[in-house]
Amino acid sequence: MTPISFTVEIFTFVGIGLWFVGFRVFCRTRRKGIQGLKADDYLMLCATIPAIAYTVLAYRAIVAYRGLANNGMSDEERSSLSPDSEEYKIRVVGSKVQFTAWFMWLTAMWTIKASMCAFYRRLTVGVYYNLRIWFGFTLIATTYIGSVCCVLFSCWPLHLQWQINPNPGNTCQPADSRVNYYVCVSLDVITELYLLAIIIPLLWETHLPKSKKISLSLMFSGGVVVVTASILTAVDCFTAETHGGSPSTQGISWSGREIFVALVTTNIPMTWRYVRDKLRPYIISVVSGASEYQENIDTFEGSARVRGERENGRVVQPVNPTMAIEGQLAKRKMPDQENSTLDEMVRATSSHMAGITKEEESRNSAAESHPQA
């Protein structure tokens, strides 16, 4: 990947991701104003800060410092490289940038996870789901701390993270440290799968139609894409040298793509209602326009053919073309307001949990009224 193509890709990705975040805020404030923003919205806004910082660091690491760090060198090359040379200085600074980029990536990804968990908190009711949500927050916090500690303390003292000579070992090479990738990617996948385990069963326990359950499940399954991107990040970094690539470039590129995927997939559910309401008239016009045109043609042809004729002992009345068109247009009228699918999900969840609560109360009352001897 050339520096120009890398620059275009990473800034395009972060730009699209930030646009989705801004569009989410627009959709949320359009309905209820600024006071309508909740904790998940603010967390998503906070996630944009480390996402932007990571993009800048990635640009500096790959373009300004040519992807050079304290990795990808033989012992002979390390010993022959003078500390006063320009390459030596670039590799030292490049290693520091790669090291810092790890923390920005972790902060961005885990803040997005916290935002999704806070959003699920708004969708759920009942003690059972509250426990799962709060366990999710605990899991996110502990895995974030564990990932940060891994990056920070897996190689100590700290200056070894950018040491050139002697070779500090792969653990102290932040551009392609296998320890960092194994630990951080594993915890990333675990937290994403747990978030999916919260929302998918909840959807299928509601009383929504099956078609809406399937569509919502697909909408909230963006975590699968994030998991895939996370695994590809580690695999591509480990196999980069085999395919003639640079582990520094591949690792930092795929991490940026994962942030992009996370920003897009986690904001789609919050923007879907606005997009659906805006596109509905056009979709209906395109889908129904052809059928209505054909129905009107058939109506007019039938009217001319059967006018004044008798069929099965009764007179077929001529069809008024104006009434036919008005009847077809009436079919196209849609209500001005329609409850969003997410709102239906909230109500269905509340009804489902309320039923469980009433059932438990009735059992408790029966037990109290008929105590055992």
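Because the structure is predicted, anything quoted here is derived from the model rather than measured.

A. Summary view of the nonpolar core. The biggest cluster of nonpolar side chains holds 64 residues, and the ones touching the most others in it are Trp105, Tyr120, Phe220, Ile252 and Ile259. For this core, the secondary-structure elements that each account for two or more residues are α1 (3–32), α2 (39–64), α4 (86–123), α5 (127–153), α6 (178–205), α7 (210–219), α8 (222–238) and α9 (247–306). The biggest single contributor to this core is α4, with 17 residues. The residues contacting tyrosine 120, other than those within four sequence positions of it, are Ile133, Leu195, Ile198, Ile199 and Phe220. In this structure, Met73, Leu81, Tyr88 and Ile164 belong to the second largest nonpolar core, which totals 5 residues.

B. Structural detail: a nonpolar patch on the surface. A contiguous nonpolar surface patch, about 280 Å² in accessible area, is contributed by Ile34, Tyr42 and Leu45. Looking at the secondary structure, you find leucine 45 in helix α2. Owing to a relative accessible area of 32%, leucine 45 belongs among the partly exposed residues under this scheme.

C. View of the packing of aromatic side chains. Going through the model one piece at a time under the given rule, you end up with 20 aromatic pairs. Between the aromatic rings of tryptophan 105 and tryptophan 110, the centroid separation amounts to 6.2 Å while the plane-to-plane angle is 75 degrees, which identifies the pairing as edge-to-face. Comparing tryptophan 105 with tryptophan 110, the two get one shared label, buried. Ring pairing ties together the aromatic residues Trp102, Trp105, Trp110, Tyr181, Tyr182 and Phe238, which thus form one cluster. Taking the ring centre of tryptophan 110 as reference, the NZ or CZ of lysine 113 above it sits at 4.9 Å. Positioned above the aromatic ring of tryptophan 254 is the side chain of arginine 257, whose terminal nitrogen or guanidinium carbon lies 4.6 Å from the ring centre.

Parameters at a glance
Residues numbered from 1 in each chain as written. Predicted model: local features only at pLDDT ≥ 70, side-chain atom pairs only at ≥ 80, totals over all residues. Heavy atoms only, no water. Core = buried A, V, L, I, M, F, W, Y, C linked by side-chain atoms within 4.5 Å. Buried < 20%, exposed > 50% of the residue type's maximum accessible area, 1.4 Å probe, protein only. Helix = DSSP H or I, 4+ residues; strand = E, 2+ residues; numbered from the N terminus. Contact = heavy atoms within 4.5 Å. Patch = residues over 30% accessible without salt bridge, like charges linked within 9 Å, V, L, I, M, F, W, Y side chains within 5 Å. Areas by Shrake-Rupley, 256 points an atom, 1.4 Å probe, with all protein chains shown as cover. Salt bridge = Lys/Arg side-chain N within 4 Å of Asp/Glu carboxyl O. Phe/Tyr/Trp six-rings, centres within 6.5 Å; stacked < 30°, edge-to-face > 60°. Lys NZ or Arg CZ within 6 Å of the ring centre and 35° of its normal.

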